[in-house]
Amino acid sequence: MEVYTRGNETREAITSTGDGGAIQDRSLTQLLRDLSNDSMTLIRKEAQLFRAETEQKISTAQRQGIVLGAGGMIAYLGLLSLTAAIVLGLALVMPAWLAALLVGFVLIAAGVTAMVIGKNRLQSEHLAPRESIRSVKNDVRMVREAVR
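Student: Let's hear about the overall build of the protein: which residues, and what values?
Tutor: Secondary structure assignment for the protein yields 3 helices and 3 strands. The long-range share in the protein, meaning contacts at least 24 apart out of those at least 6 apart in sequence, stands at 54%. As presented, the protein carries roughly 11,100 Å² of accessible surface, and 65% of it is formed by carbon and sulfur atoms.

Quick look at the structure:
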């Protein structure tokens, strides 16, 4: 960056190769205006990234919650079958209770398995918006370096 004076006006010259090697002369006021505009754009983009990442995490948590709920329903059906097995066993003392008992145990085992899988998947999900945090830290680092 070069500082030069023309008449009563002091300007800073910035050389930019981003536009095919063209040299642009911009005043400090224009540079500050550009910095402000770029900062606002950056904040908007960071907010969009945060929103998208949060929506993805919520969607994943909802799916795992559905698996957890399904596991609970299956276990509840198993409990109902066990209840029917006890009733049939006490009322009739026939082989039918044994079938209901086996079905009940199988349903409970399936329900507990589904609940454990859903719980483990939900716990392993990191709900913090990692990409947004990383990006903001990177932006702060870049601004600090630019200010120096």
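Student: Tell me what's going on with the confidence of the model for the protein, and back it up with residues and numbers.
Tutor: Scored by pLDDT, the protein comes out at a mean of 76, with 76% of its residues at no less than 70. Confidence over residues 11-23 falls short of pLDDT 50; this stretch has 26 contacts with residues more than four positions distant or in other chains.

Student: Give me the side chain of Glu 53: which residues, what numbers.
Tutor: Turning to its location among the elements, Glu 53 is positioned in helix 1 (residues 28-92). For the buried Glu 53, no salt bridge exists, and the shortest N-O distance to an oppositely charged side chain is 5.1 Å, to Lys 57. When residues no more than four places from it in sequence are discounted, the contact partners of Glu 53 are Ala 128, Pro 129, Arg 130, Glu 131 and Ser 132.

Student: Please set out the environment of Leu 68 residue by residue, giving values where relevant.
Tutor: Tracing the sequence through the fold places Leu 68 in helix 1. Classification of Leu 68 as partly exposed rests on a relative accessible area of 33%. Leu 68 sits 44 residues away from Val 112 along the chain, and the two C-alpha atoms are 9.3 Å apart. Residues within four places of Leu 68 in sequence aside, it is in contact with Met 115 and Lys 119.

Student: Please provide a residue-by-residue account of the environment of Met 115, values included.
Tutor: Among the secondary structure elements, Met 115 is positioned in helix 2 (residues 96-124). Owing to a relative accessible area of 30%, Met 115 belongs among the partly exposed residues under this scheme. Met 115 sits 44 residues away from Gly 71 along the chain, and the two C-alpha atoms are 4.7 Å apart.

Scoring rules and cut-offs
Residues numbered from 1 in each chain as written. Predicted model: local features only at pLDDT ≥ 70, side-chain atom pairs only at ≥ 80, totals over all residues. Heavy atoms only, no water. Helix = DSSP H or I, 4+ residues; strand = E, 2+ residues; numbered from the N terminus. Contact = heavy atoms within 4.5 Å. Areas by Shrake-Rupley, 256 points an atom, 1.4 Å probe, with all protein chains shown as cover. pLDDT = per-residue confidence, 0-100. Buried < 20%, exposed > 50% of the residue type's maximum accessible area, 1.4 Å probe, protein only. Lys, Arg positive; Asp, Glu negative; His and termini not counted. Salt bridge = Lys/Arg side-chain N within 4 Å of Asp/Glu carboxyl O.

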